[in-house]
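Breakdown of the fold
Residues per chain, in single letters:
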Amino acid sequence: MKKILRMVSLIGSVPWFIIGVTSENVTLILISIILMLSHNILYCLEDFFRRVIFFTFNMSFFVFLISKMIVVHFFGYKDEGLGIFGLAFDDISTVKTILVSQYLSLIGLFIGYMIIQKIDLSFLKQKKEYDVTYIRHFRFFSILFFYFCVIFRFYYLWEMKQNVQSQGYYEVFSTFTSSLPSVLVMFSQMFDVAFFAYLATNPTKKRSIFPIGIFMLEGLLGAMAGHRSSLMLNLVIVFIYFALRSIQDKPKMQKVIKSSKKKWLGAKEWFFVSLSLPAVLVYMTFIGMNRGNRFQETGGFFDSILNFFYTQGISANLIGYGQMFKEYLPMKGFYTLGPVGEFIDNKIIRPIQGSPELTGQTYERATEGFLFAHTISYFIMPALYLKGVGYGSSFIAEFFVDLSFLGVFLGSVMYGAILFILFYVLKNGNMLVVTFALIMTRAIMFAPRGAAMSFIVSAFTPSKIIAISIIFIGTFFMRSILGKNRRGLMNYNNL
């Protein structure tokens, strides 16, 4: 039944899209987008645990790129004085560009996700079986290092929260500097690597609950400091991890069959998710109003839910702004590789030249830098940008600015392939690869509202590389001190 509904959605979206494009009826194009998104979601539900990464990315796509248009057009929410579908534009051709890009992206994501499954990815599988005691030492050192780093992380966020309350979110966002020594600030940035390294050892569910709770608390403190994405991304990656650990593989040994029956994401967990999700959305709305000092009366619980989608779904505007300012942008093409370009420029070229790094929200970074988020924010609202306000970015907007509709389609095909590769690696990679795959999976979920390649760059920052090095070195010394217990070898996925 799900497959029939999925095919109806897929095939049904095509005529709506064609008619909408040819007649310039943007309502019909929006309907085709909803149908295509429905197809992708239904595809995920056919084998949810194995397609959970693709599912969560499509949901992120909905929240950041589609939701505002739906609540404005179909629910009539705050539609006074706004552009078409609540966007920043009244021009039909600009809105058409936004919608066509979204439709092509949704199709491209699905095609890329399907095509990559036809390719042999066995070269990404773990080649070496780990000594059981080595895994235990790695796990033990990782969790100790996590607790060590998270102490400084909590203090860092507490400081930021105090500054936000006294100075305001946007001022702190652009100027905040912790009172901690720089080495401790660096340790505070390593907490997630240690946490994901711990999860990469496949600990038992019982042993994982407390570290996961600490990880969630970090996200909550980040949200209280104005960073809503911290809490949402932490929730999402934990949800994905629970789903992946719930996959019932066919193990080779009867012992493992008995120990693998219990799902991590069972009825109790689903019940908790269904109850907590609406509350989280309302809380995100409150945080958004708090950081912008926009406290206002709401129409109740349902109104808060609509307000969440209304405020989050603004990234679609970036596609329109990209089209509007394309000819005037200082860098002609390849904003997609912006995070890579900025990393090379700031960490290699500028130090050699003796020039300072481009940081903060300055005129120089907006006009000489590589990041689309900074450049487009300056073009949209120059005065506010220099005060710390930003519009963010979107992988679709960057692909469109670089290579128009073809770039959106091909870039989305690539993204669809990456989403499956991340799933494959998380199920088959070694501990090192799984650690970085978890970091990238968490980051890529923000791509509908972030830079296209930031999920790669953010996973391989100097602090992340140093963190994983500390964990491996610490594991080596711990094993040397405590000694080896050679009671047998076992693939750590079976622990």
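Below, the structure is looked at part by part. Because the structure is a prediction, the values reported are computed rather than measured. (Residues numbered from 1 in each chain as written. Predicted model: local features only at pLDDT ≥ 70, side-chain atom pairs only at ≥ 80, totals over all residues. Heavy atoms only, no water.)

**Focus on the pattern of salt bridges**
Side chains bearing opposite charge may pair, as long as their charged atoms lie close to each other. Rules: Between Lys or Arg on one side and Asp or Glu on the other, a salt bridge is scored when a side-chain nitrogen of the former is within 4 Å of a carboxyl oxygen of the latter. Secondary structure elements follow DSSP: runs of H or I no shorter than four residues count as helices, runs of E no shorter than two count as strands, and numbering proceeds from the N terminus.
According to the stated counting rule, one finds 11 salt bridges in the structure shown. Residue R479 pairs with D131 through a salt bridge whose shortest N-O separation is 3.1 Å. Of the two residues, R479 is situated in helix α22 (residues 462-482) and D131 in the loop between α4 (92-115) and α5 (132-167); the sequence distance between them amounts to 348 residues. With its nearest N and O atoms 3.6 Å apart, the salt bridge here joins D192 to K464. With a gap of 272 residues between them, D192 in helix α8 (residues 191-199) and K464 in helix α22 connect regions that are remote in the sequence. In the salt-bridge network here, residues are joined through shared partners; they are R6, E46 and R51.

**Quick notes on the environment of C149**
Put simply, the test is: Partly exposed residues are those whose accessible area sits between 20% and 50% of the maximum for their type, while under 20% is buried and over 50% is exposed, using a 1.4 Å probe and protein chains only. The contact criterion used is simple: two residues touch if any of their non-hydrogen atoms lie within 4.5 Å.
Mapped onto the fold, C149 is located in helix α5. What makes C149 buried here is its relative accessible area of 0%. Residues C149 and Q189 lie 40 residues apart in sequence; the distance between their C-alpha atoms is 7.6 Å. Beyond its immediate sequence surroundings of up to four residues, C149 is in contact with F187, S188, M190 and F191.

**What about the packing of helix α14 (residues 316-325) against helix α19 (residues 395-428)?**
How we decide: Each axis is a line fitted through C-alpha atoms, and for a helix only the stretch in contact is used; angles between axes span 0 to 180 degrees, taken between their N-to-C directions. In these notes the angle categories are as follows: under 35 degrees is roughly parallel, over 145 is roughly antiparallel, 65 to 115 is roughly perpendicular, and the rest is oblique. Take the far helix as your reference; a near helix turned counterclockwise from it by less than a right angle gives a left-handed crossing, and one turned clockwise gives a right-handed crossing.
Following both chains from N to C, one finds α14 and α19 inclined at 20°, their axes separated by 8 Å at the closest point. Our classification of the angle between α14 and α19 gives roughly parallel. In this structure, α14 crosses over α19, and the sense of that crossing is right-handed. Residues L318, I319, G322 and Q323 of α14 touch α19, and the partners they reach there are I396, A397, F400 and V401.

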